[in-house]
Every structure is written in C-alpha cells, then in structure tokens.
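So the chains spell out like this:
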Amino acid sequence: MKRAEAKALGLKFYRTEKPCKHGHLADRYTKSAQCTECLAIQSIAWRLENPEKHSASMRKWIENNRELHATRVKRWQTANKDKVRADAKAWTTANPDKVKAKALRHIKKHPEAYTARGVLSVARRAKRVPKWLTSDDRWLMREAYFLSKLRTKMFGFVWEVDHIIPLRGALVSGLHVPTNLQVIPKRDNRLKHNSFQLV
Ligand SMILES: [Zn+2]
C-alpha cells in the first residue's frame, strides 16, 4: 500500500514492500512515513540512556491518566495472577520489617476488628459460637468492640466488651452472640470475675 492511499483512507499505519534503511519490513506511520520498528528500538535505547527522564515522564503520564492506568494495571494483574502472587511473596520475604510495620499500622487503625476477631476465635474454641450467627450479627459484635474503644478514648479509662453470661461460666455458659454482649468499664468487668448472678 502506498502512503497516499493510507492517508486517503485515514489509516494510522501502512505497510510497504520496501524495507526501511535499516532493513525492517515493519509498518510505517502514515503521518511521518517512519518505520515503527526503528522507532521502537530508538525509544528503548532512549529509555536505557535516560532512565530518570523516562520514569519522570511515566509518572507524569500516570498522574494525568489515573483511571486509564488503574484499568490497565488491573487488566495486567488479572492476566498475570501467578506472577503477581509470586512477586508479592518475594517482596514479603525480602521486606519483613515493612510487613511488620504495615500490620502494626493496620492494628492501630482498626484495633476493634482485631479484638473482635481474637474473642471470636476464643469463643469458637470454647464452642460458644452458634451456627445461626449471621454476618450481620458478626458486624454488630464488631461494633460493640468499636464502641468499647471509642468510649475508652472519650472517657480516658478502659472500657471492655463483656459477655453478660460468661462463655465459660461455672453455672451456665453464654453464647458469643450480640444479645450476650455489653460494653462496660473494665474495673466492673474484673470485679464480676466470670460469675453470672441469677437475679
Ligand atoms: Zn526500521
């Protein structure tokens, strides 16, 4: 195809039978008649010679095309799941300090979730978590732990989530369910000593 034909057809590229001066039989840009393979080679060479300029221009492009970039990253990650997983594992192994710091930051940000999870696993081991507990129930219970942290912060002394009927009571054992939880100051909780008073 001749360049003029491609132009008339509004094509971005055209293919000619004549090799470029470097011998490539690659597509040419209709606009400039430049060989796409030559341009690709030049661009790689430029990147290698100007790594800082290249990464700066990449950053700038990403800044101006955030959504497009995120879509592309996501698409790439979906297509390369194994590599993503292997890279993440390698990074974790190589950066134990960063992993630990990140975990600590997360705990600090969501302490109630960790407390809630810890108590849930204790209750599971004690077989005090009923099968009918729904995800809404679990959410409600996380909220109780959130409330206890919030009150601790507001009042300046420690509040705790307490099982009204203790999970491992001497007389009766309660369930780890929303209706068996109460948010109380820690001192009272200690005084109660896991005993359930039948009033
Ligand atoms: Zn070429």
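Thresholds applied
Residues numbered from 1 in each chain as written. Predicted model: local features only at pLDDT ≥ 70, side-chain atom pairs only at ≥ 80, totals over all residues. Helix = DSSP H or I, 4+ residues; strand = E, 2+ residues; numbered from the N terminus. Buried ≥ 20, exposed ≤ 12 C-beta atoms within 10 Å, placed from the backbone. Contact = placed C-beta atoms within 7 Å. Domains from an automatic or database assignment. Axes fitted to C-alpha atoms, helices over the stretch in contact; angles between N-to-C directions. Parallel < 35°, antiparallel > 145°, perpendicular 65-115°, else oblique. Left-handed = near helix turned anticlockwise from the far one by under 90°. Expected span 1.5 Å × (residues − 1). Core = buried A, V, L, I, M, F, W, Y, C linked by C-beta atoms within 7 Å.

Chemist: Hey, could you go over the overall build of the protein chain for me, with residue numbers and the actual values?
Modeler: Within the protein chain, the regular secondary structure consists of 9 helices and 4 strands. Taken from N to C terminus, the helices and strands of the protein chain fall in the order α-β-β-α-α-α-α-α-α-α-β-β-α. Along the three orthogonal principal directions, the C-alpha set of the protein chain runs to about 100 × 35 × 30 Å. Looking at the protein chain as a whole, 8% of its 199 residues are labelled buried. Intrachain contacts of the protein chain at a sequence separation of at least 6 include 45% that bridge at least 24 residues.

Chemist: Tell me about unusual backbone geometry, and please be specific about residues and values.
Modeler: Backbone geometry places Ala-33, a non-glycine residue, at a positive phi of 65°. Counting through the fold element by element, Ala-33 comes out in the loop between β2 (28-29) and α2 (36-49). Judged by the 12 C-beta atoms lying within 10 Å of it, Ala-33 falls in the exposed class.

Chemist: Could you give an account of the domain arrangement of the protein chain, naming the residues involved and the relevant values?
Modeler: One can read the domain layout of the protein chain as domain 1 (3-94) and domain 2 (108-192). Averaged C-alpha coordinates put domain 1 and domain 2 at centres separated by 55 Å.

Chemist: So what's going on with the packing of helix α7 (residues 111-125) against helix α8 (residues 135-155)? Residues and values would help.
Modeler: Remark: α7 packs on α8, axes separated minimally by 8 Å, with the N-to-C direction vectors making an angle of 125°. As far as their axial angle goes, α8 and α7 are oblique. α8 is crossed by α7, and the crossing has right-handed handedness. Listed contacts from α8 to Pro-111, Glu-112, Ala-113, Thr-115 and Ala-116 of α7 are Met-141, Arg-142, Tyr-145, Phe-146 and Lys-149.

Chemist: How would you explain the environment of Glu-52 if you had to name every residue and give the values?
Modeler: Mapped onto the secondary structure, Glu-52 falls in helix α3 (residues 51-64). The class of Glu-52 is exposed, set by 7 C-beta atoms lying within 10 Å. Residues Glu-52 and Asp-97, 45 residues apart in the sequence, show an inter-C-alpha distance of 28 Å.

Chemist: If you had to explain helix α4 (residues 66-79) to someone new, which residues and values would you point to?
Modeler: Along its 14 residues, α4 runs 20 Å from first to last C-alpha, staying within 8% of the 20 Å computed at 1.5 Å per residue. When you tally the buried positions in α4, you get 0 out of 14 residues, a small fraction of the element.

Chemist: How would you sum up the nonpolar core? Please name residues and give values.
Modeler: If you look at the biggest cluster of nonpolar residues, it comprises 5 residues: Ala-116, Met-141, Tyr-145, Val-161 and Leu-181. Not counting residues within four places of it along the chain, the set of residues in contact with Leu-181 comprises Met-141, Ala-144, Val-161 and His-163.

Chemist: Pulling in residues and values, what's your account of the environment of Phe-13?
Modeler: With respect to the element layout, Phe-13 can be found in strand β1 (residues 13-14). Since 13 C-beta atoms lie within 10 Å of it, Phe-13 is described here as partly exposed. The sequence separation of Phe-13 and Ser-148 amounts to 135 residues, and the corresponding C-alpha distance is 66 Å. Ignoring anything within four residues of it in the chain, the contact list for Phe-13 reads Asp-27, Arg-28, Tyr-29, Thr-30 and Thr-36.

Chemist: Which residues make up the environment of Lys-2, and what values go with them?
Modeler: Looking at where Lys-2 falls in the secondary structure, it is placed in the segment before α1 (3-9). Judged by C-beta crowding, with 9 C-beta atoms within 10 Å, Lys-2 ranks as exposed. Spatially, the C-alpha atom of Lys-2 lies 38 Å from that of Ala-70, the residues being 68 residues apart in sequence.

Chemist: Quick one: what's the story with α2, residue by residue and with numbers?
Modeler: Its 14 residues place the ends of α2 20 Å apart at the C-alpha level, agreeing with the 20 Å of an ideal helix rising 1.5 Å per residue. The buried count for α2 comes to 0 of 14 residues, which makes it a mostly uncovered element.

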